[in-house]
Amino acid sequence: LRCADFFSLGLDLTFRSDIIFFAVHIPCKLFPQLCSTLSKAKEGCRLFTYHALDTIWWSNEPCPFRQVEENIPEGDTFSTSWSPQGFRFYVYVCDRSQTTPEIQAGVRNETYSEWKPMWDEASQATYFHNEETEESQWEVPRQAGCWRVEWSPEYNANFYWHEMSGHSQWEVPKCLADLGWTT
């Protein structure tokens, strides 16, 4: 048994590991590196994580993992010190025998956001909480995951830019639409 910071020691152990526990929030800027490393996982390796792989698989490399069937129901939660009633974790197994990967690769994933809209009863208004930095703010965030809201003075409209790929588009990605941005 070896425990360590995955990004400093664990990277070279992925292909030999029987189980990987990610009981931490991984910052979204590290998702591509994480996916590249996990794509080399040992067949049969189990992965226990806060993150749903279909929202963070920001890589063109095929995802060898599939979610363990017993873990698919949303009600499958685990009691923790910070959430005794249960917290949603995801359990996967590395299974390269899948003819069509359950988790599709895509560097421009539009679903992941580190920001969550929260309702404040006292002010009767929505604020936004960043689960990676623990910051909160009243203004709608201009960036979620690797997507950023940009302004085009030429067209007098917002457009949406994906930082990692350089792709831009007029349609609002889901991660920003969920925060209130519209096309």
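Reference entry: report on the structure contained in this document. (Residues numbered from 1 in each chain as written. Predicted model: local features only at pLDDT ≥ 70, side-chain atom pairs only at ≥ 80, totals over all residues. Heavy atoms only, no water.)

Observations regarding the packing of aromatic side chains
Step number 1: Enumeration according to the criterion identifies 12 aromatic pairs in this entry.
Step number 2: With 4.8 Å between their ring centres and 15 degrees between their planes, Phe48 and Phe89 make a pair best called stacked. One end of the pair, Phe48, is in strand β2 (residues 46–49); the other, Phe89, is in the loop between β5 (87–88) and β6 (90–94), and 41 residues separate them in sequence. In terms of burial, Phe48 and Phe89 fall into one category: buried.
Step number 3: Look at Tyr127 and Trp138: their rings are 5.7 Å apart centre to centre, the planes differ by 65 degrees, and that puts the pair in the edge-to-face class. (Phe/Tyr/Trp six-rings, centres within 6.5 Å; stacked < 30°, edge-to-face > 60°. Helix = DSSP H or I, 4+ residues; strand = E, 2+ residues; numbered from the N terminus. Buried < 20%, exposed > 50% of the residue type's maximum accessible area, 1.4 Å probe, protein only.)

A closer look at the pairing of strand β11 (residues 147–152)
Step number 1: The pairing of strand β10 (residues 143–144) with β11 spans two bridges and is classified as antiparallel. Bridge pairing in β11 places Gln143 opposite Arg148.
Step number 2: Hairpin connection of β10 to β11: two residues between the antiparallel strands, including Gly145 at a positive phi of 60 degrees.
Step number 3: Between β11 and the antiparallel strand that follows it, strand β12 (residues 157–162), lie four residues; Asn156 among them carries a positive phi value of about 55 degrees. (Pairing = 2+ DSSP bridges.)

What to know about the pairing of strand β8 (residues 125–130)
Step number 1: Inspection of the sheet shows strand β7 (residues 115–120) paired to β8 by six bridges, in the antiparallel sense. Of the residues in β8, the one forming a bridge with Met118 is Tyr127.
Step number 2: Between β7 and β8, which follow one another and run antiparallel, lie four residues, and Gln124 among them has a positive phi close to 55 degrees.
Step number 3: Alignment of β8 against strand β9 (residues 136–137), held across two bridges, turns out to be antiparallel. Bridge pairing in β9 links Phe128 to Gln137.
Step number 4: Connecting β8 to the antiparallel partner β9 that follows it, the hairpin turn spans five residues, and Glu134 within it adopts a positive phi of roughly 65 degrees.

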